[in-house]
Amino acid sequence: LFVLGVRQFVDDVDGSQSISAPGQSDVQLSEGDAWVFASVPSGDAADLVTVRITDPSGATETLSQETIPTSSASTDGEQFVPLGFFSVDTAGTYTFDIDSPEGTDVRVGTLSIGKLLGFVFGGMAIGGIGFTIALILLIVTLVRRGGAKKRQRAAAYAAGGGGYPGGGYA
């Protein structure tokens, strides 16, 4: 399930709208949270890419730096890093002004956070439950095995095999 969560993240980034950077682009967005991802040819995208967003009314949007369970996604041979998200209150055309190194790829889209978190935490929960069950089975097996050895020794002793060997005195 954890792997499916990572795969969901990669699919969300892959399905996002691509923006040529550096430069300015207009992107049509619908209401909800819009995540911004960047991939630079070399170095750290979070340090090298600056994004200024203007909404349809001319107001400037700022990216929230909230963390998500995975720190990057590799898609189309590139490593994308989330730069943050902003809330799209009004559907329409948003202008993205991007300062970045040449060859930077920026993507804007939505994340299926519910599915992503469900996969990640579901995988951890199932793994924890599986580990607990395996530990219980190991303990039960060791206890039963020790009991079986004790019964075997007791049976051998009761049958006369537990005393000193008989021997004649000559």
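Our subject is the structure that appears above.
Below: a short report on this structure. Please read these numbers as outputs of a predicted model, since none were measured by experiment.

1. Concerning the overall build of the protein chain
Here comes step 1: A tally of regular secondary structure across the protein chain gives three helices and nine strands.
Here comes step 2: Counting over 170 residues, the protein chain shows a buried share of 32%.
Here comes step 3: Within the protein chain, contacts between residues at least 6 apart in sequence are counted, and of these 81% link residues at least 24 apart.
Here comes step 4: About 10500 Å² of surface is accessible on the protein chain, with carbon and sulfur atoms providing 57% of the total.

2. Quick look at a positive patch on the surface
Here comes step 1: Together, Arg145, Lys149, Lys150 and Arg153 make up a region of like positive charge exposed at the surface.
Here comes step 2: Structurally, lysine 150 can be placed in helix 3 (residues 113–161).
Here comes step 3: Judged by its relative accessible area of 59%, lysine 150 falls in the exposed class.

3. Here's the deal with the pairing of strand 3 (residues 32–39)
Here comes step 1: Counting buried positions along strand 3 gives six out of eight residues, so the element sits mostly inside the fold.
Here comes step 2: In this sheet, strand 9 (residues 105–109) lies alongside strand 3 in antiparallel orientation, the contact comprising five bridges. Bridge pairing links valine 36 to valine 108 in strand 9.

4. Here's the deal with the nonpolar core
Here comes step 1: Grouped together as the largest cluster of nonpolar side chains are 20 residues, with contacts concentrated most on Leu29, Val36, Val51, Phe86, Phe96 and Ile98.
Here comes step 2: Counting only elements with at least two residues in this core, the list comes to strand 2 (23–29), strand 3, strand 4 (50–54), strand 7 (78–88), strand 8 (92–99) and strand 9.
Here comes step 3: Phe37, Phe80, Phe85 and Leu111 belong to the second-largest nonpolar core, a separate cluster that totals five residues.

5. Focus on the pattern of salt bridges
Here comes step 1: What the rule picks out here adds up to two salt bridges.
Here comes step 2: Residue arginine 52 is joined to aspartate 97 by a salt bridge in which the shortest nitrogen-to-oxygen separation is 3.1 Å. Of the two residues, arginine 52 is situated in strand 4 and aspartate 97 in strand 8; the sequence distance between them amounts to 45 residues.
Here comes step 3: Relative accessible area serves as the criterion here: at 37%, arginine 52 is assigned to the partly exposed category.
Here comes step 4: For aspartate 97, a relative accessible area of 26% puts it in the partly exposed group.
Here comes step 5: With a closest N to O distance of 3.0 Å, aspartate 99 and arginine 52 form a salt bridge. Of the two residues, aspartate 99 sits in strand 8 while arginine 52 sits in strand 4, which places them 47 residues apart along the sequence.
Here comes step 6: A single network of salt bridges, built from pairs that share partners, joins Arg52, Asp97 and Asp99.

6. What to know about the sheet that holds strand 2
Here comes step 1: The four strands lie next to each other as 2-8-4-5, forming an open sheet whose pairing is antiparallel. Whereas interior strands pair on both sides, the edge strands pair on one side only; in this sheet they are strand 2 and strand 5 (60–61).
Here comes step 2: Across seven bridges, strand 2 lies against strand 8 in antiparallel orientation. Bridge pairing in strand 8 places valine 27 opposite tyrosine 94.

7. Overview of the packing of aromatic side chains
Here comes step 1: Taken as a whole and judged by the stated rule, the model has two aromatic pairs.
Here comes step 2: Seen from their ring centres, phenylalanine 86 and tyrosine 94 are 5.8 Å apart, and the 50 degrees between their planes marks the pair as tilted. In terms of burial, phenylalanine 86 and tyrosine 94 fall into one category: buried.
Here comes step 3: The structure contains a cluster of three or more aromatic residues connected by ring pairs, namely Phe86, Tyr94 and Phe96.

Rules used in this analysis
Counting restarts for each chain: residues are numbered from 1 in the order of the written sequence. Confidence filtering applies because this is a predicted model: local features only for residues at pLDDT of at least 70, side-chain atom pairs given and counted only at 80 or more, and all residues used for totals across whole chains, interfaces and linings. Only hydrogens and water are set aside; all other atoms, that is, all heavy atoms of the structure, feed into the side-chain values. Helix and strand assignments come from DSSP, with helices taken as H or I runs of at least 4 residues and strands as E runs of at least 2, each series counted from the N terminus. Between buried and exposed lies partly exposed: a residue is buried under 20% and exposed over 50% of the maximum accessible area for its type, with that area taken using a 1.4 Å probe on protein chains only. We call two residues in contact when some of their heavy atoms are within 4.5 Å. Using the Shrake-Rupley algorithm and a 1.4 Å probe, accessible areas are obtained, with residue cover drawn only from the displayed protein chains. Only residues whose relative accessible area exceeds 30% and that take part in no salt bridge are eligible for patches, with like-charged residues grouped when within 9 Å of each other and nonpolar side chains (Val, Leu, Ile, Met, Phe, Trp, Tyr) grouped when within 5 Å. We define a salt bridge as a side-chain nitrogen of Lys or Arg found within 4 Å of a carboxyl oxygen belonging to Asp or Glu. A residue counts as positive if it is Lys or Arg and as negative if it is Asp or Glu; His and the chain ends are not included. One atom stands in for each charge, and that atom is NZ of Lys, CZ of Arg, CG of Asp or CD of Glu. One requirement defines pairing of two strands: DSSP has to find at least two bridges between them. We define a nonpolar core as any set of buried Ala, Val, Leu, Ile, Met, Phe, Trp, Tyr and Cys residues linked to one another through side-chain atoms lying within 4.5 Å. A pair of aromatic rings is counted whenever rings of Phe, Tyr or Trp (Trp by its six-membered ring) have centres within 6.5 Å, and the orientation is called stacked for planes under 30 degrees apart, edge-to-face for over 60 and tilted otherwise.

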